[in-house]
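The chain contents come next:
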Amino acid sequence: SSRFWQSIGEIVLLVTVFIAVTLLLNVLFEWHVQAQWFSKYTHRPEGELAFAIWMVLLFFALAVLEELFYRGILLRWLAWKASGWRYRLEFSVLCSAAIFCLGHGPIITLPQFVQKMTIGLGLGWLSLRRGLWAAIVAHCAFNLIINCLL
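Structural notes, computed from the coordinates. Given the structure is predicted, the values throughout are model-derived calculations rather than measurements. (Residues numbered from 1 in each chain as written. Predicted model: local features only at pLDDT ≥ 70, side-chain atom pairs only at ≥ 80, totals over all residues. Heavy atoms only, no water.)

Where charged atoms of side chains with opposite charge meet at close range, the side chains can pair. All told, the structure shown has 3 salt bridges when counted by the stated rule. E10 is paired through a salt bridge with R130; the nearest N and O atoms lie 2.9 Å apart. Of this pair, E10 sits in helix α1 (residues 2-29) while R130 sits in helix α5 (residues 110-130), placing them 120 residues apart in sequence. One exposure class covers both E10 and R130, and it is buried. A salt bridge links E67 to R71; the shortest N-O distance between them is 2.8 Å. Of the two residues, E67 and R71 are both situated in helix α3 (residues 48-81); the distance of 4 residues between them amounts to about one turn of the helix. (Salt bridge = Lys/Arg side-chain N within 4 Å of Asp/Glu carboxyl O. Helix = DSSP H or I, 4+ residues; strand = E, 2+ residues; numbered from the N terminus. Buried < 20%, exposed > 50% of the residue type's maximum accessible area, 1.4 Å probe, protein only.)

This is the structure:
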């Protein structure tokens, strides 16, 4: 029970850090991290039901699939391949975060890179520390909150 509450606390802390980094980058660089990407590559469907389905797919299903791939498969495969290395977990988190960063659209500016790497590193750390489910919850929460804010 206390491990569960510790996990929830770490998820809340990490999502708060992700949001703070994203909002800080928006303020400092007058750049809307998520909003620019969404307006360029997606369109919001019309109608309440279509919009609700779009939201569920975009914010939850996609986050679950990404976490299954980036942390569930890739991170663990990298850690397995680096077995015997002294810093294999750190190496694995860094590499999976970099691939996560590259997989999230074109990285043109330093703020985009910082935001995406911060999220990738944090989710990798959380996945190793608390399990894949914690990274999934954090990713879904971040997607939902930041896209409601921006």
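Let us now look at the nonpolar core. Judged by nonpolar contacts, the single largest core of 17 residues is most densely connected at I11, F18, I119, L123, L126, A138 and F142. Mapped onto this core, the elements with two or more residues apiece are α1, α3, α5 and α6 (132-149). When residues no more than four places from it in sequence are discounted, the contact partners of L126 are E10, I11, L14, G131, A134, A135 and A138. (Core = buried A, V, L, I, M, F, W, Y, C linked by side-chain atoms within 4.5 Å. Contact = heavy atoms within 4.5 Å.)

So, about the environment of A63. The residue A63 is located in helix α3 in this model. Between the C-alpha atoms of A63 and A138, which are 75 residues apart in sequence, the distance is 9.2 Å.

To continue, consider the packing of helix α4 (residues 88-102) against α5. At a closest axis distance of 8 Å, the pairing of α4 and α5 adopts a crossing angle of 135°. In terms of axis orientation, α4 runs oblique to α5. Where α4 crosses over α5, the two elements pack in a sense that is right-handed. Contacts between α4 and α5 involve L89, V93, L94, A97, A98, F100 and C101 from the former and F113, K116, M117, I119, G120, L121, L123, G124, W125 and L128 from the latter. Looking at the contact of α4 with α5 residue by residue, the class counts come to 14 nonpolar, 2 polar and 1 charged. (Axes fitted to C-alpha atoms, helices over the stretch in contact; angles between N-to-C directions. Parallel < 35°, antiparallel > 145°, perpendicular 65-115°, else oblique. Left-handed = near helix turned anticlockwise from the far one by under 90°. Nonpolar A, V, L, I, M, F, W, Y, C, P; charged D, E, K, R; others polar.)

A separate point is the environment of R76. Relative to the elements of secondary structure, R76 occurs in helix α3. C-alpha of R76 to C-alpha of L89: the two residues are 13 residues apart in sequence and 8.9 Å apart in space.

So, about α3. When the terminal C-alpha atoms of α3 are compared, their 47 Å separation across 34 residues agrees well with the 50 Å that a helix rising 1.5 Å per residue should span. Along its length, α3 reaches its greatest deviation from straightness, about 30°, at L57. (Expected span 1.5 Å × (residues − 1). Bend = angle between axes of the 7 residues up to and from the residue.)

Counted under the stated rule, the structure contains 3 aromatic pairs. With 5.0 Å between their ring centres and 75° between their planes, F69 and Y70 make a pair best called edge-to-face. Classification of F69 as partly exposed rests on a relative accessible area of 39%. According to the relative accessible area criterion, Y70 is buried, its value standing at 10%. (Phe/Tyr/Trp six-rings, centres within 6.5 Å; stacked < 30°, edge-to-face > 60°.)

By themselves, these are just geometric observations and shouldn't be taken as functional.
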